[in-house]
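Coordinate inspection notes
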Amino acid sequence: MMRKLSFKMITDTEYLLNELSHQISTDLLIDLSLLLENIVESIKKATAIKNVNLILFKEGRTQVVIHGENTFITRKDIINTVKYFDKGEIAVLDRHEVTDASIINEMKRLEMFFIFPIFEERKLTGLLTLGKSRRGMRLRAENLEQLMLIANQISSAMAKAELLQEKLQMERKMYENEKLSSLGRLSTSVAHEVKNPLSSIKAIVQVLKEDSINESKTQKSLSIIVEEIDRLTKVVNQLLVFAKPQMDCKSTVKINDVINKVLVVLRHEAKMNNVNIYLNIQNDLPIITVDEGSLNEVFFNLIHNAIQAMSEGGKLTISMSYDQQDDYITTVFENTGPEISDEDMGKIFEPFYTTKQMGTGLGLAIVKKKLEELRGMIKVKSENSSTKFTVKIPSSEGVLVG
Ligand SMILES: Nc1ncnc2c1ncn2[C@@H]1O[C@H](COP(=O)(O)OP(=O)(O)OP(=O)(O)O)[C@@H](O)[C@H]1O
Ligand SMILES: [Mg+2]
């Protein structure tokens, strides 16, 4: 009875490992981490070993990601094992056969009996580790070969998934660009159509307002109409800014001068909102050659948003510095006030997304587009009652931003 049972287990192990091998090679790789979890679970099932771990190195090995039981493992715990495989050993490490005491110690401490290396283009990118087998259930040489094959398949699956991810990201970016450029084309034609009628309507309403000076109800309604016309005019103007093709009207500018000019326009609104603005600008910023209008749009929208976010008053700090090494001028806009929720964070750069009654939702979409034209980039962080927009602009031409 016992012999029959273990024979069945052996064939099961072989069969299940084969199945897993097949599954890895045919998986669509849409969700890599799910596949990796599945691999660990399937190996556990096939080998009846409880302690199975998939240890993956990330970012030049500074990070270790574990799928499996021993989630506490750090790089330090496996330093000698990694050194061993770094020499190019591609076979399984079997604790019964290891002679190096430092490796035996590591395997003992982590209760590992077999370690399979995972290589990608001859670089060790991970380890598949197995603990103690159940009594009466030893892994056979065939199983070890199958597991080595699985370790190889994990490596190619990860490489393929990475490529797929890059491709998806590129497609997403192309789709977004296409969406934005058609919005740009549409905006220009619609905006011009709408602009003239809007100004005639406003002129007529203003005449009506003057005529009905004694009728307070009519006055109120007409004021609302004027407000709405102003808002629509703002949308139309913003759409035109958004859609304006980049023209080669570059000039040499001192980037801090652009900030100062924007502040002249916005200081009054800041004062009305009880917002104090602090400037922290490095002395020897380089002079840059850019389209000043685009830069102006970027700074104006970020500062305006910060002031509007602090309706109860607050502090806006603008810092500017230049890093010679990467040749970027970094400007940080940090304001106190309510945070942007995680949900909103994903939407704030979308055209027409606004949480303001009179907003167009085009401000940050313009910022993003203009920064792309300037070959710059933007990052946002919002936590602990503060919001920080970081803008980086290359100081000289020819810097490519990925
Ligand atoms: N500094 C900030 N602090 C908190 N929320 C912000 C900040 N900047 C932007 N937001 C959020 O992002 C949304 C989108 O901003 P965006 O500039 O695109 O449009 P808007 O400011 O609403 O409209 P408009 O720019 O036409 O006035 C805002 O409605 C606001 O909710
Ligand atoms: Mg705005």
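No experiment lies behind these values; they were computed from the predicted model shown. (Residues numbered from 1 in each chain as written. Chains lettered and ligands numbered in written order. Predicted model: local features only at pLDDT ≥ 70, side-chain atom pairs only at ≥ 80, totals over all residues. Heavy atoms only, no water.)

**Regarding a nonpolar patch on the surface**
A contiguous nonpolar patch, built from L28, I30, L164 and L168 and spanning about 410 Å² of accessible area, is present on the exposed surface. Mapped onto the elements, L164 comes out in helix 5 (residues 141–211). (Patch = residues over 30% accessible without salt bridge, like charges linked within 9 Å, V, L, I, M, F, W, Y side chains within 5 Å. Areas by Shrake-Rupley, 256 points an atom, 1.4 Å probe, with all protein chains shown as cover. Salt bridge = Lys/Arg side-chain N within 4 Å of Asp/Glu carboxyl O. Helix = DSSP H or I, 4+ residues; strand = E, 2+ residues; numbered from the N terminus.)

**Thoughts on the nonpolar core**
Judged by nonpolar contacts, the single largest core of 35 residues is most densely connected at I255, L295, F299, I303, L316 and F333. Contributions of two or more residues to this core are made by helix 7 (255–272), strand 7 (275–281), strand 8 (287–290), helix 8 (292–309), strand 9 (314–323), strand 10 (328–336), helix 10 (363–373) and strand 12 (386–394). If sequence neighbours within four positions are ignored, I303 has contacts with I259, V262, L263, L266, L316, I318 and F333. Judged by nonpolar contacts, the second largest core, of 30 residues, contains L20, I49, M148 and A157. (Core = buried A, V, L, I, M, F, W, Y, C linked by side-chain atoms within 4.5 Å. Buried < 20%, exposed > 50% of the residue type's maximum accessible area, 1.4 Å probe, protein only. Contact = heavy atoms within 4.5 Å.)

**Overview of the side chain of N143**
Inspection of the secondary structure puts N143 in helix 5. With sequence-adjacent residues up to four places away left out, N143 is seen in contact with T13, E14 and L17.

**Brief notes about the pattern of salt bridges**
For the structure shown, the criterion picks out 11 salt bridges. When the shortest N-O distance is used, the salt bridge between E14 and R140 registers 2.4 Å. Here the residue E14 occupies a position in helix 1 (residues 2–26), and R140 occupies one in the loop between strand 5 (123–130) and helix 5, the gap between them amounting to 126 residues. Taking the relative accessible area as the measure of exposure, R140 reaches 29% and is therefore partly exposed. Taken together, the shared-partner salt bridges connect K369, K370 and E373 into one network.

**Observations concerning the site of ligand 1**
Close to ligand 1 lie 19 residues; T354, T355, K356, T360 and L364 are nearest. Within the contact set of ligand 1, an oxygen atom lies 2.5 Å away from a side-chain nitrogen or oxygen of T355. At 3.4 Å from an oxygen atom of ligand 1 is found a main-chain nitrogen or oxygen belonging to G363. Here ligand 1 has 600 Å² of accessible area as a free molecule, and 95% of this is covered by the chains. Looking at the shell around ligand 1, the elements with two or more residues in it are helix 6 (216–243), helix 8, helix 10 and strand 12. Of the residues that constitute the shell around ligand 1, the class distribution is seven nonpolar, 10 polar and two charged. (Near = heavy atom within 4 Å. Polar contact = N/O pair within 3.5 Å; in protein donor to acceptor, adjacent residues only side chain to side chain. Nonpolar A, V, L, I, M, F, W, Y, C, P; charged D, E, K, R; others polar.)

**Considerations on helix 8**
In a regular helix each residue adds 1.5 Å, so 18 residues correspond to 26 Å; helix 8 covers 26 Å between its end C-alpha atoms and thus fits that length. Among the residues of helix 8, S294, L295, V298, F299, N301, L302, I303, H304, A306 and I307 are the ones counted as buried. Where helix 8 begins, one side-chain oxygen reaches toward the backbone nitrogen of G293, 3.1 Å away; that side chain belongs to D291. (Expected span 1.5 Å × (residues − 1).)

**A closer look at the packing of helix 3 (residues 79–86) against helix 4 (residues 101–109)**
For the pair helix 3 and helix 4, interaxial distance at closest approach is 8 Å and the crossing angle is 125 degrees. When the axes of helix 3 and helix 4 are compared, the pair comes out oblique. For helix 3 against helix 4, the interelement crossing comes out left-handed. The residues of helix 4 that touch helix 3, namely those facing I79, N80, T81 and Y84, are S102, I103 and E106. Split into classes, the residues belonging to the contact of helix 3 with helix 4 amount to three nonpolar, three polar and one charged. (Axes fitted to C-alpha atoms, helices over the stretch in contact; angles between N-to-C directions. Parallel < 35°, antiparallel > 145°, perpendicular 65-115°, else oblique. Left-handed = near helix turned anticlockwise from the far one by under 90°.)

**A look at unusual backbone geometry**
Although it is not a glycine, E111 adopts a positive phi angle of roughly 55 degrees. With respect to the helices, strands and loops of the structure, E111 is situated in the loop between helix 4 and strand 4 (114–120). Looking at E111, the relative accessible area reads 53%, which means it is exposed. A positive phi angle is found at F352, which is not glycine, with a value near 70 degrees. Residue class for F352 comes out partly exposed when judged on its relative accessible area of 43%.

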